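Overview (structure and organization)
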Amino acid sequence: MHCDLLIKNAQIAENQPTVDIVCTDGKITAIGNALNATAEQTVEANGYWVSPPFVDCHFHLDATLSAGNPRRNKSGTLLEGIQLWGELKRQQTAAEIVTRAMRLCRWSIAKGVLAIRSHVDVSDPSLTTVEALLQVREQMRPYMDIQLVAFPQDGYFRDAGAHARLLRALDMGVDIVGGIPHFERTMQEGNESVVALCRLAAERGLRVDMHCDETDDPQSRHIETLASETIRHGLAGRVSGSHLTSLHSMDNYYATKLLTLIAEANVAAIPNPLINITLQGRQDTYPKRRGLTRIKEMWANGINVAFGHDCVQDPWYSLGTHDMLEVAHMAIHAGLLTAPEEMRHAYEAVTNDAATVFGLENYGIKEGDNADFIILQAKNPIEAICNRATRLFVIRRGHILAQTAPLETQIQLMGKTEKVDFSGTW
Ligand code: FE2
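Read on for a plain summary of the structure. Source: prediction; values computed, not measured. (Residues numbered from 1 in each chain as written. Predicted model: local features only at pLDDT ≥ 70, side-chain atom pairs only at ≥ 80, totals over all residues. Heavy atoms only, no water.)

A few words now on the overall build of the chain. Broken down by element type, the chain carries 14 helices and 17 strands. For 426 residues, the compact-globule estimate of 2.2 N^0.38 gives 22 Å, and the chain sits close to it at 22 Å. Its C-alpha atoms give the chain principal-axis dimensions of about 65 × 45 × 45 Å. A burial count over the chain gives 57% of its 426 residues as buried. If you take every contact in the chain between residues at least 6 apart in sequence, the share linking residues at least 24 apart comes to 75%. Accessible surface, the chain: about 17700 Å² in total, of which carbon and sulfur atoms supply 50%. (Helix = DSSP H or I, 4+ residues; strand = E, 2+ residues; numbered from the N terminus. Rg over C-alpha atoms; globule rule 2.2 N^0.38 Å. Buried < 20%, exposed > 50% of the residue type's maximum accessible area, 1.4 Å probe, protein only. Contact = heavy atoms within 4.5 Å. Areas by Shrake-Rupley, 256 points an atom, 1.4 Å probe, with all protein chains shown as cover.)

Laid out in structure tokens, this is it:
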């Protein structure tokens with residue numbers, strides 16, 4: 001058989017023989033051992049791990065790569081970040097946002113991230129941010145999937161024009177209804193914002209993804225309302241709570257009840273480990289809380305968890321290269337997810353489980369799925385996380401989008417030059 005792309009000797013299941021993957025017209029058409037196929041292009045995977053691309057379910061493309069403009073976040077808090085962004089967003093043009101976001105997308109592709117759910121701030125009266133990110137979504141469409149969430153950064157009730165602008169953003173083509181209940185003036189207004197926004201999503205047949213309870217305050221329980229409104233409107237499987245950091249600080253008895261409700265509502269959780277570990281706990285003396293939601297307990301309750309990167313070099317987080325292996329690595333540390341099964345689950349939270357939250361179709365490595373792959377310089381997911389493995393190839397619909405030379409380090413030792421083997425114990 002003749003095909004467009006043939007990937008040879010791919011490791012797609014741990015401790016199983018490698019396979020060849022045949023791709024035609026952007027789809028996987030056959031998978032098997034030593035297939036007798038000829039191809040326009042052949043990629044030798046050399047027994048390395050081949051998986052579907054990384055999916056980032058929580059990002060801010062409008063603010064990315066703006067750190068330092070107008071100045072750096074000194075306190076490291078969420079609130080100083082919101083203040084700095086508030087100053088920048090009044091001055092920046094759509095062209096500037098597009099330039100920064102497109103630069104980030106190049107990093108994403110290089111790191112194997114081919115799906116990004118980005119919140120877009122709808123609190124600026126001119127909706128420059130929306131105009132810019134709609135352009136980015138369109139320009140990048142052949143290369144990656146971008147979903148946009150209408151995000152009322154300054155509050156849905158707290159900011160008088162937010163309702164009208166959120167509707168306008170959705171009319172312009174933004175995909176998902178966002179919210180920020182913990183930032184409303186009162187707990188009650190926070191809850192009412194969740195009720196109003198879920199009703200809006202149900203009326204329009206849209207998904208919901210709210211920044212929810214991004215605080216150390218154990219009394220912040222908006223996720224409870226989000227879950228119950230999800231049940232009321234029959235939105236199961238289409239709603240996500242991003243961050244949910246207050247769950248870290250809640251009383252264990254209440255947390256147990258709440259996790260059962262989240263599971264019943266089939267609401268997904270999107271923790272953002274790099275950001276949660278650095279923004280939360282800022283008002284603590286010692287001990288300082290980790291500020292990460294209860295990932296282990298969520299998994300135990302059957303709640304789907306996707307990890308997000310959230311920020312790269314913006315007013316809230318001054319580091320990052322959009323590497324989802326770094327995100328999984330931090331989740332394992334901050335969430336104490338060090339059992340082998342938990343580390344494998346962490347890899348799922350940036351691939352398959354995240355694709356479910358995103359709603360991606362034909363995602364995976366079986367016949368009929370999209371011919372989208374990353375080939376990592378590692379034998380399995382745990383080694384990939386351990387080494388933050390080099391992304392040797394990033395492939396979309398059967399076309400190579402990015403290629404990076406394997407990491408190879410030579411050392412001089414005892415009069416000899418040798419290559420360092422980083423393959424370790426996994
Ligand atoms: Fe966020």
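Before going further, it helps to examine the pairing of strand 3 (residues 27-32). The two faces of a sheet get side chains in turn, since along a regular strand they alternate between them. Sheet topology note: the strand 2 (residues 19-24)/strand 3 ladder contains five bridges and is antiparallel. Bridging from a neighbouring strand, V22 pairs with A30 of strand 3. Linking strand 2 back to strand 3 in an antiparallel pair, the connection comprises two residues, with D25 at a positive phi of about 50 degrees. (Pairing = 2+ DSSP bridges.)

For the rest of this paragraph, the subject is the pairing of strand 2. In terms of burial, strand 2 is largely enclosed, as five of its six residues are buried. Across four bridges, strand 1 (residues 2-10) lies against strand 2 in antiparallel orientation. The residue of strand 2 that forms the bridge with L5 is C23.

Here we come to the sheet that holds strand 2. Strand order in the open sheet formed by four strands is 3-2-1-4, and the pairing between neighbours is mixed. Whereas interior strands pair on both sides, the edge strands pair on one side only; in this sheet they are strand 3 and strand 4 (38-44). When the angles between neighbouring strand axes are averaged without regard to direction, this sheet yields 25 degrees. Taken together, the six bridges between strand 1 and strand 4 define a ladder with parallel strand orientation. Bridging across to strand 4, L6 finds its partner in T42. (Axes fitted to C-alpha atoms, helices over the stretch in contact; angles between N-to-C directions.)

This brings us to the packing of helix 6 (residues 222-232) against helix 8 (residues 252-265). Two elements in contact, helix 6 and helix 8, have axes whose closest approach is 9 Å; the angle formed by their N-to-C orientations is 30 degrees. Taken together, helix 6 and helix 8 sit at an angle that is classed as roughly parallel. For the pair helix 6 and helix 8, the sense of crossing is left-handed. Judged by residue contacts, I223, E224, A227, T230 and I231 of helix 6 engage Y254, L258, L261, I262, E264 and A265 from helix 8. Residue classes in the contact of helix 6 with helix 8 are distributed as eight nonpolar, one polar and two charged. (Parallel < 35°, antiparallel > 145°, perpendicular 65-115°, else oblique. Left-handed = near helix turned anticlockwise from the far one by under 90°. Nonpolar A, V, L, I, M, F, W, Y, C, P; charged D, E, K, R; others polar.)

Glancing now at the coordination of the iron ion. For the iron ion, the full set of protein donor atoms is H58 (NE2), H60 (NE2), H211 (NE2) and D310 (OD), and the range of their distances to it is 2.1 to 2.5 Å. Geometry at the iron ion is irregular, judged from the four donor atoms that bind it and their angles of 84 to 178 degrees at the metal. Mapped onto the sequence, the donors of the iron ion take the spacing H-x1-H-x150-H-x98-D. Note that H58 is positioned in strand 6 (residues 54-59) and D310 in the loop between helix 10 (295-300) and helix 11 (324-334), a separation of 252 residues in sequence. A relative accessible area of 0% means that H58 is categorised as buried. With a relative accessible area of 3%, D310 lands in the buried category. (Donors = N, O, S within 2.8 Å, 3.2 Å for Na, K, Ca; no water. Tetrahedral: all angles 85-135°; square planar, octahedral: opposite > 155°, others 65-115°.)

Time to look at unusual backbone geometry. N69 connects to P70 through a cis peptide bond whose omega is 5 degrees. Within the element layout of this structure, P70 appears in the loop between strand 6 and helix 1 (78-91). In the segment running from Y286 into P287, the intervening peptide bond is cis, with an omega of 0 degrees. Along the chain, P287 turns up in the loop between helix 9 (273-279) and helix 10. Not every positive phi belongs to a glycine, and D25 is a case in point at roughly 50 degrees. Topologically, D25 is positioned in the loop between strand 2 and strand 3. Taking the relative accessible area as the measure of exposure, D25 reaches 70% and is therefore exposed.

Moving on, we come to the packing of helix 5 (residues 187-204) against helix 6. One way to put it is that helix 5 packs onto helix 6 with a least axis distance of 9 Å and a crossing angle of 25 degrees. By the angle class used here, helix 5 and helix 6 are roughly parallel. For the element pair helix 5 and helix 6, the recorded crossing hand is right-handed. Residue-level contacts link M187, G190, N191, V194, V195 and C198 of helix 5 to H222, T225, L226 and E229 of helix 6. Residues of the contact of helix 5 with helix 6, tallied by class, amount to five nonpolar, four polar and one charged.

Considered for burial, the residues of helix 12 (residues 340-348) that qualify are E342, M343, A346 and Y347. Projected down its long axis, helix 12 shows its buried positions confined to an angular sector of 150 degrees, all on one face. Contacts made by the buried residues of helix 12 are with strand 5 (49-51), strand 6, helix 10, helix 11, strand 13 (373-376) and helix 14 (381-387). (Arc of directions from axis to C-beta.)

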